Amino acid sequence: MATIGVGIIGCGGIALQNHLPGLKLCPDTQLVGLCDSNAEVLDCAVQQTGVTFSTQDYNELVRRDDIHAVIIATPNATHAAMAIAAASNGKHVLCEKPLGMDQAETLGMLNCARENGVRHMTAFTYRFVPAMRYMKYLVESGGIGQPYHIRTCRLQDWGDRNLGWRQFSQMAGSGELGDMLSHRLDYAHFLIGDMKRLTADTRRFVDDRQGQISDLEDWVTVMAEFENQATGVLESSKLATGRGEGA
Ligand SMILES: NC(=O)c1ccc[n+]([C@@H]2O[C@H](COP(=O)([O-])OP(=O)(O)OC[C@H]3O[C@@H](n4cnc5c(N)ncnc54)[C@H](O)[C@@H]3O)[C@@H](O)[C@H]2O)c1
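Presented here is a report on the structure given in the accompanying data block. Owing to the predicted nature of the structure, the values given are computational and were not obtained by experimental measurement.

## Remarks on the packing of aromatic side chains
Evaluated as defined, the whole model comprises 2 aromatic pairs. Relative to Tyr137, the ring of Tyr134 lies with its centre 5.9 Å away and its plane at 20°, an arrangement referred to as stacked. Taken together, the positions of Tyr134 and Tyr137, both in helix H6 (residues 130–140) and 3 residues apart, correspond to about one turn of that helix. When the ring of Tyr187 is compared with that of Phe190, the centres are 6.2 Å apart and the planes differ by 50°; the resulting orientation is tilted. In this pair, Tyr187 and Phe190 are both assigned in helix H8 (residues 176–192), 3 residues apart and thus about one turn of the helix distant. Judged by relative accessible area, Phe190 falls into the partly exposed class, the value being 24%. When the ring centre of Phe190 is taken as reference, the NZ or CZ atom of Lys136 above it lies at 4.4 Å. The residue whose ring lies beneath Lys238 is Trp158, and the NZ or CZ to ring-centre distance is 4.5 Å.

Shown next as structure tokens:
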């Protein structure tokens, strides 16, 4: 199989801690280029990887012939434009969650990928956790019978610490819903099937995070019914005292 040249857009936390080690586990991929709008972050990533092509402009990266697939690991507000630029240039796209800022933006990304015939996926990492894969196997094989109910809790304690771009709706689109519950929503779909109807609530308990206003929720709960009649309760919080920042 030919080697897949990969470019990473956004060289922050998730790119360095997860995507780089992940790529090293894939022998048919080669990291070809890096992009970050922050020169210092980019320089640090270049030194860490030894990659020879780097740029602060993602449009340069997606136009390269030796890059076949792009990983988008930037703040949420930037995902759609980058994914659309990549797919329009014929690049396969792995985009971080949450994909777009809203449904319309997200559907635009999907349609563009489909129109250009490229592969596309979201980094819903928990699908690949061994215990969660085993749970999927147990459900599919009938090993635990018919699932009647799914209950997930993503309870973490981030206190009132500053969350950077994550605490601003203009950059993140949503708070705990897109940041953490999106993983559990995806897993519930993966395990049980499509949701038929749901009711949900969100709450922001901390308005000021170390001197900066937060305008996004830090708690969310969804109560759902699935197409197969199963029910679900999915809860996620950044303010579950004593839980730590979690994994
Ligand atoms: N799948 C997961 O489990 C998981 C975990 C953490 C983060 N994420 C997602 O990954 C994305 C990035 O999160 P992070 O924690 O790495 O954030 P981060 O702030 O650590 O890194 C983001 C990087 O993107 C760069 N950037 C911003 N705008 C840019 C632009 N226009 N062009 C190029 N680079 C730009 C920033 O300079 C920064 O270095 C978010 O969408 C987040 O939701 C997913």
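## Describing the environment of Leu107
Topologically, Leu107 is positioned in helix H5 (residues 103–115). According to the relative accessible area criterion, Leu107 is partly exposed, its value standing at 41%.

## A closer look at the site of the ligand
The ligand sits among 23 residues. The nearest are Asp36, Asn76, Glu96, Lys97 and Trp165. At 3.1 Å from an oxygen atom of the ligand is found a side-chain nitrogen or oxygen belonging to His79. Between the ligand and the protein, one listed contact pairs an oxygen atom with a side-chain N or O atom of His183 at 3.2 Å. Out of a free accessible area of 850 Å², the ligand has 80% covered by protein chains. Those elements that place two or more of their residues in the shell around the ligand are helix H1 (13–24) and helix H4 (79–88). In the shell around the ligand, the residues fall into 9 nonpolar, 10 polar and 4 charged. Per-domain counts for the shell around the ligand show at least three residues from each of domain 1 (4–123) and domain 2 (126–237).

## A look at the sheet that holds strand E4 (residues 69–72)
Strand order in the open sheet made by the 6 strands is E3-E2-E1-E4-E5-E6, with parallel pairing throughout. The strands lining the two open edges of the sheet, one partner per strand, are strand E3 (53–55) and strand E6 (120–122). On average, adjacent strands in this sheet sit at an angle of 20° to one another, irrespective of strand direction. The pairing of strand E1 (residues 4–9) with strand E2 (residues 29–35) spans 6 bridges and is parallel. Paired with Gly7 across the bridge in E2 is Gly33.

## Quick notes on the pairing of strand E5 (residues 92–95)
Burial of E5 is one-sided: the residues Val93 and Cys95 facing one way are buried, the residues His92 and Leu94 facing the other way are not. Here 4 bridges tie E4 to E5, and the two strands are oriented parallel to one another. Opposite Ile72, over in E5, you have Cys95 as the bridge partner. Direction of pairing for E5 relative to E6: parallel, over a ladder of 3 bridges. Within E6, the residue paired with Cys95 across the bridge is Thr122.

Each value, and the rule that gives it
Residues numbered from 1 in each chain as written. Predicted model: local features only at pLDDT ≥ 70, side-chain atom pairs only at ≥ 80, totals over all residues. Heavy atoms only, no water. Phe/Tyr/Trp six-rings, centres within 6.5 Å; stacked < 30°, edge-to-face > 60°. Helix = DSSP H or I, 4+ residues; strand = E, 2+ residues; numbered from the N terminus. Buried < 20%, exposed > 50% of the residue type's maximum accessible area, 1.4 Å probe, protein only. Lys NZ or Arg CZ within 6 Å of the ring centre and 35° of its normal. Near = heavy atom within 4 Å. Polar contact = N/O pair within 3.5 Å; in protein donor to acceptor, adjacent residues only side chain to side chain. Areas by Shrake-Rupley, 256 points an atom, 1.4 Å probe, with all protein chains shown as cover. Nonpolar A, V, L, I, M, F, W, Y, C, P; charged D, E, K, R; others polar. Domains from an automatic or database assignment. Pairing = 2+ DSSP bridges. Axes fitted to C-alpha atoms, helices over the stretch in contact; angles between N-to-C directions.

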